[in-house]
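Structural characterization, general
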Amino acid sequence: MIDVKFECEGNFKEKEIRNFVEKSVNQTLEMLKSSNLKTYVSIFLTNNQEIRKINYKFRKIDKETNVLSFPQNEKRMVIDLENYLILGDIVISLEKILAESIEQKKSFYKHLLHMIVHSTLHLYGYEHTNNKVADIMEKKEKDILNELFQRKNFKL
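These remarks concern the structure in this document. (Residues numbered from 1 in each chain as written. Predicted model: local features only at pLDDT ≥ 70, side-chain atom pairs only at ≥ 80, totals over all residues. Heavy atoms only, no water.)

Things to note about the overall build of the protein chain
Broken down by element type, the protein chain carries five helices and four strands. Mapped from its N terminus to its C terminus, the protein chain presents α and β elements in the order β-α-β-α-β-β-α-α-α. Computed over its C-alpha atoms, the radius of gyration of the protein chain comes to 15 Å, within 12% of the 15 Å expected for a compact globule of 156 residues. Taken along its principal axes, the extent of the C-alpha atoms in the protein chain is 40 × 35 × 35 Å. When each of the 156 residues of the protein chain is scored for burial, the buried share is 44%. Surface exposure of the protein chain reaches about 9400 Å², of which carbon and sulfur atoms provide 47%. (Helix = DSSP H or I, 4+ residues; strand = E, 2+ residues; numbered from the N terminus. Rg over C-alpha atoms; globule rule 2.2 N^0.38 Å. Buried < 20%, exposed > 50% of the residue type's maximum accessible area, 1.4 Å probe, protein only. Areas by Shrake-Rupley, 256 points an atom, 1.4 Å probe, with all protein chains shown as cover.)

Okay, structure coming up:
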């Protein structure tokens, strides 16, 4: 289950982005699935100002960033007494993603997909705190992105 909250002003097409995010997370989770439990992820799509506040509140870093991940990984009953694996929360600044995609000369949706895969891997415990674990995370990230880019039902 994916819960998406959209609070971002600007020329962002909410319905299109919301659908893209849900599909991206679902397909990434499908590739990472490690248990039979249903999973729950909450995603907050916002702007630079809001992600900066969240970044400062939880990480004591006073600047905007493209994405934040807050892993929980706990089993809980969510709906109709069914157990879910609560993976955690993802916060994405659409404003930052757009600026970076222009700067990096790539499509907004390709960059957004990359950040979704990256942040979802963080929910599964992948890190880039040193070269060894960063290499592992980067390889997994590339494998998932390559798979998603090759799927016919996945349009960017």
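Brief notes about the layout of surface pockets
In this structure, the largest pocket encloses a volume near 300 Å³. Sort the elements by how many residues they give to the lining of the largest pocket and strand E3 (residues 67–79) lands first, with four residues. Residues belonging to the lining of the largest pocket are distributed by class as follows: four nonpolar, eight polar and three charged. In this structure, the second largest pocket occupies an estimated 190 Å³ of space. If you go around the second largest pocket, the residues you meet are Glu-9, Gly-10, Asn-11, Phe-12, Lys-13, Glu-16, Ile-17, Glu-95, Leu-98, Phe-108 and Tyr-109. Tallied by class, residues from the lining of the second largest pocket come to five nonpolar, two polar and four charged. (1 Å grid on protein atoms, 1.4 Å probe; cavity = no way out; pocket = protein on both sides within 12 Å on 5 of 7 lines; lining within 4 Å. Points joined across faces, edges and corners; volume = space filled by probe spheres on them. Nonpolar A, V, L, I, M, F, W, Y, C, P; charged D, E, K, R; others polar.)

Observations concerning helix H1 (residues 14–32)
Taking 1.5 Å per residue, 19 residues should reach 27 Å; H1 reaches 27 Å between its end C-alpha atoms and fits that length. Within H1 the residues assigned to the buried category are Ile-17, Phe-20, Val-21, Ser-24, Val-25, Gln-27, Thr-28, Leu-29 and Leu-32. Buried positions along H1 lie against strand E1 (2–6), strand E2 (38–46), strand E4 (82–93), helix H3 (94–103), helix H4 (108–123) and helix H5 (131–150). (Expected span 1.5 Å × (residues − 1). Contact = heavy atoms within 4.5 Å.)

What about the nonpolar core?
Generally speaking, soluble globular proteins have nonpolar side chains that are buried together. Ile-17, Val-21, Ile-43, Leu-45, Ile-92, Leu-94 and Leu-112 are the most contacted members of the largest nonpolar core, which totals 35 residues. Counting only elements with at least two residues in this core, the list comes to E1, H1, E2, E4, H3, H4 and H5. At nine residues, H4 tops the list of elements feeding residues into this core. Listed in part, the five residues of the second largest apolar core include Phe-44, Ile-51, Ile-54 and Val-91. (Core = buried A, V, L, I, M, F, W, Y, C linked by side-chain atoms within 4.5 Å.)

Notes on the side chain of Ser-69
Locating Ser-69 in the fold gives a position in strand E3. Leave out the neighbours within four places in its chain, and Ser-69 touches Asp-89, Ile-90, Ser-119, His-122 and Leu-123.

Let's talk about the pairing of E1
Only one face of E1 is buried: it carries Ile-2, Val-4 and Phe-6, and the other face, with Asp-3 and Lys-5, is open. Relative to E2, E1 runs parallel, the two sharing five bridges. Bridging across to E2, Asp-3 finds its partner in Ser-42. (Pairing = 2+ DSSP bridges.)

Observations regarding the pattern of salt bridges
Where charged atoms from two side chains of opposite charge come close, those side chains can pair. By the definition in use, this model includes seven salt bridges. Between Glu-50 and Lys-53 there is a salt bridge, with its nearest N and O atoms 3.2 Å apart. Placement of both Glu-50 and Lys-53 in helix H2 (residues 48–59) is noted, with a separation of three residues, approximately one turn of the helix. For Lys-53, a relative accessible area of 45% gives the class partly exposed. Residues joined in a network through salt bridges with shared partners are Arg-52, Asp-62 and Glu-64. (Salt bridge = Lys/Arg side-chain N within 4 Å of Asp/Glu carboxyl O.)

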